[in-house]
Amino acid sequence: MKTKRRLIFPTLMVLLLAAIAACMMVIGRGHTVYLDNKTLEDYNGQTCKAFDRVVVTVKGEEVARGEILVDYYLALEPSNPTGEIDGIETVEPAYGIPSRWILPENKEMAEIYGYNVIDPLSVMLTHLAETVKKHAYELLNRAETIRLVDNLKQSSPELVEEAIPAIIPYAKLEKLLRNLLQEGVPIKDLSTIVETAADAFAQGRDLDMTTEQVRGALARTITRRFCEDGQLRVITLDAEVEKKIISSLTRNEQGVYLAMGPELMQSIIAQLAEHLKKFGDLSQTPVILVSQVIRGYFSRMITQFYPNVYVLSFNEITNSVQIQALGNITAEAPAMAQRRAVAT
């Protein structure tokens, strides 16, 4: 069985890397994924074949790496396991969850203890998929933007003729698409994006406001991106916190920015750190749900501390979804938030 697994896994990985390489060649040069083989010694003193390094580079710079053990399963540690399983301690590469590489014969026991057990190929696919999503905005350039518009012209020639570049210059469209991709919003529905953006720019709205209007028009896309089984698990903000954030919005010649006081920011970050543990236990993408007025500004602040957290607004979620709040950030004093963090 081990020999068969060793033959199948490298073959699948070669096919996967060939597909990724083809995609990156279409986008541009300087984006690569490569594997390094290495023999590792496991916790029993035996040796095992491993793709020691899985490295992803964008524009020549490394953006992600991970380790895969071919003959093992990855067991993601729950917050309160009912038992401990023997294995090689590691960190799941896509979401940073503490994990262990375990032998196949320990898989069933690990699941009984509450571990989420994943095969090595799925670990690799998830890691690469999340890396591509995270850095997709860096892969988008002017040439690719023009190519996207040319494709749209085949299905919606009147829309392109009216909007681009008369209302939406290519530079603005590229920045708009980058804004969406940077926050994990797919841009497949380009006709809706261009039509909504054209209306917003024609009304004199800036890029930030236009981005928010486009996100609202992509509610079905955003809901499908973050919803699981008709349910969206989120962290919410107390009404008092939202009021304080709105009052912190300041305008200057460059535009509107969030000038939040350090005490409020410290309180929000401390409470958020505790709530994020719940998403780790569920192996789900952390989402914060706020009003549209503060979404963009609050998102830019949060991603400085937690780049894997997504901030959505209520008008970006369709009515068919059931929203479940896993936590609520309140306007409590920072000292109280810190005491709660220490107590837990």
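Look up a bit, the structure's there.
All of the points below concern the structure found in this document.

Thresholds, definitions, all that
Residues numbered from 1 in each chain as written. Predicted model: local features only at pLDDT ≥ 70, side-chain atom pairs only at ≥ 80, totals over all residues. Heavy atoms only, no water. Pairing = 2+ DSSP bridges. Helix = DSSP H or I, 4+ residues; strand = E, 2+ residues; numbered from the N terminus. Axes fitted to C-alpha atoms, helices over the stretch in contact; angles between N-to-C directions. Salt bridge = Lys/Arg side-chain N within 4 Å of Asp/Glu carboxyl O. Buried < 20%, exposed > 50% of the residue type's maximum accessible area, 1.4 Å probe, protein only.

### Here we look at the sheet that holds strand β7 (residues 116-118)
Okay, step 1: Spatially, four strands are ordered β5-β6-β4-β7 in an open sheet, and the strand pairing comes out antiparallel. The open sheet has two free edges, formed respectively by β5 (88-91) and β7, since each of these has just one partner strand. Strand-to-strand twist in this sheet, taken as the mean axis angle between neighbours without regard to direction, amounts to 30°.
Okay, step 2: Where strand β4 (residues 73-76) lies against β7, three bridges are found, and the strand directions are antiparallel. Bridge pairing in β7 places leucine 74 opposite isoleucine 118.

### Observations regarding the pattern of salt bridges
Okay, step 1: Tallying each qualifying case throughout the model produces 14 salt bridges.
Okay, step 2: Arginine 300 is paired through a salt bridge with aspartate 208; the nearest N and O atoms lie 3.7 Å apart. Placement of arginine 300 in helix α12 (residues 292-305) and of aspartate 208 in helix α8 (residues 207-217) is noted, with a sequence separation of 92 residues between them.
Okay, step 3: The class of arginine 300 is partly exposed, set by a relative accessible area of 43%.
Okay, step 4: With a closest N to O distance of 3.4 Å, glutamate 274 and lysine 277 form a salt bridge. On the criterion of helical spacing, the pair formed by glutamate 274 and lysine 277 is a turn pair, its members being three residues apart in helix α11 (residues 262-282).
Okay, step 5: Glutamate 274 gets classed as buried once you look at its relative accessible area, which sits at 17%.
Okay, step 6: Lysine 277 gets classed as partly exposed once you look at its relative accessible area, which sits at 47%.
Okay, step 7: Put simply, Glu183, Glu212, Arg215, Arg295 and Glu316 are held in one network by salt bridges that share partners.

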